[in-house]
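Structure at a glance
Residue strings, one per chain:
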Amino acid sequence: MIDGIICVSKPVGLGVHQRSQDSVANHFSLLDILPDIATLLGEKHLQVVKAPEKNCSGITLLATEPSVAARLDQLLKKAKTQRIHTRKYWAITVGVPRPATGTIEALLATEEIGNRKMVVVKDQTSQGSIQRGEVKKTSTEYAVLDHNDSCALVELTSLKAYKHQMQVHMTTKLCSILGDHTYSSRIQTVLGVPVVVDARNVQPCTQLIKKEILHQMNLTVSMMSSVPLHLHCVAMTIPKWRNGEDLVITAPLPKYFWKSLKLLNLETHT
């Protein structure tokens, strides 16, 4: 704990809030177990300040006092207005983004496709849709840290992330994040060439990857459905937290992430 800040590394599959369908399936949320975490740490109060999405892992910021949470929130909002990136993610991608560094900009919206709400890329929209919040202008900066012929370790940052933004943005680079069983089906192969297909023409399914990658990772097709999303918040910066100096927080990669890197011969170079 530092100055009333507690950081934990959230596992994949743990959401902050409980949804109605989660309660039916007897799943629990971070808020459900927060009192237990507080008790284990000997704290009377804990509240969530920042956390990755449910299917992502990594740094989750907790505060022991409302005043600490308020200050953290204020500093993070100020950083956003100054266009300072405060969260860094690492992802393993199936496919290698080209060029090796860049910025992905896209209009995103949520639409009902089949019986599911999905995030889609909008080629064009009206100013009214943006003003009403129906469509969001989004941006993700990325850099390939290492790669082989078929996969890459990619660093991702964004000032403000829309739901599933990084997963959807990667598909626009003809890549999908390893373990993405929601949006990876938008990358199809036509005559051996990967292409992005209209989101309305495909349904989410277990990620399909080349036999060579399956073999390299000691996986079978039937095992792919249990592969978690390899998208991890590795670092977070709280600007000017104490005496004008930044507080930098890091979170180790999950064991499955390290294993995948090793099997794919990808290096972190850290």
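Scope of this entry: the structure provided in the associated data block. Bear in mind that the values here come from a model prediction, so they are computed numbers and not experimental data.

Procedures and definitions
Numbering of residues starts from 1 in every chain and runs along the sequence as written. For this predicted model, a pLDDT threshold of at least 70 governs which residues receive local features, and a threshold of 80 or more governs which side-chain atom pairs are given and counted, while totals over whole chains, interfaces and linings are taken from all residues. To get the side-chain values, all heavy atoms of the structure are used, and hydrogens and water are removed first. Relative accessibility decides the category of a residue: with a 1.4 Å probe and only protein chains considered, values under 20% of the type maximum give buried, values over 50% give exposed, and everything between is partly exposed. The numbering of helices and of strands both runs from the N terminus, where a helix is a DSSP run of H or I of at least 4 residues and a strand a run of E of at least 2. Note on pairing: DSSP must find at least two bridges between two strands before they are called paired. Residues are called lining when one of their atoms sits within 4 Å of a cavity or pocket point, these points coming from a 1 Å grid over the protein atoms alone, where a cavity is a set in which a 1.4 Å probe fits but cannot get out and a pocket is an open set with protein on both sides within 12 Å along at least five of seven lines. Grid points are joined across faces, edges and corners, and a volume is the space filled by probe spheres set on the points. Residues are grouped as follows: Ala, Val, Leu, Ile, Met, Phe, Trp, Tyr, Cys and Pro are nonpolar; Asp, Glu, Lys and Arg are charged; every other residue, Gly included, is polar. Any two residues having at least one pair of non-hydrogen atoms within 4.5 Å are treated as being in contact.

Further remarks concern the pairing of strand E4 (residues 87–94). With seven of eight residues buried, E4 lies mostly within the body of the structure. In this sheet, strand E12 (residues 231–242) lies alongside E4 in antiparallel orientation, the contact comprising five bridges. Within E12, the residue paired with alanine 91 across the bridge is leucine 231. In the sheet, E4 pairs with strand E8 (residues 151–157) via seven bridges, with the strands oriented antiparallel.

Each pocket or cavity is described by its volume, and for the largest pocket that value is around 1,200 Å³. In this structure, the largest pocket is lined by 40 residues; those nearest its centre are Ala51, Pro52, Glu53, Lys54 and Lys163. Broken down by secondary-structure element, the contributors of at least two residues to the lining of the largest pocket are helix H1 (20–24), strand E2 (47–50), helix H3 (66–81), E4, strand E6 (116–122), helix H5 (165–171) and E12. Counting residues per element, the lining of the largest pocket draws most heavily on H3, at four residues. Of the residues assigned to the lining of the largest pocket, the class counts are 16 nonpolar, 11 polar and 13 charged. The computed volume of the second largest pocket comes to approximately 640 Å³. Around the second largest pocket, the lining is made up of 24 residues, and of these Val94, Ile187, Thr189, Pro194 and Lys210 lie nearest the centre. No other element matches the three residues that strand E10 (residues 187–190) contributes to the lining of the second largest pocket. Of the residues in the lining of the second largest pocket, the class split is 10 nonpolar, 10 polar and four charged.

By the secondary structure assignment, proline 66 is in helix H3. When its relative accessible area of 46% is taken as the criterion, proline 66 is described as partly exposed. The sequence separation of proline 66 and histidine 45 amounts to 21 residues, and the corresponding C-alpha distance is 8.6 Å. Excluding residues that lie within four positions of it along the chain, proline 66 makes contacts with His45 and Gln47.

Next up on the list: the environment of tyrosine 183. Position of tyrosine 183 among the secondary structure elements: in the loop between strand E9 (176–177) and E10. Look at tyrosine 183 and you get buried, because its relative accessible area is 0%. In this structure, the C-alpha to C-alpha distance between tyrosine 183 and arginine 83, residues 100 residues apart in sequence, is 28 Å. Filtering out sequence-adjacent residues up to four positions away, tyrosine 183 remains in contact with Met118, Val119, His164, Gln167, Val168 and Thr171.

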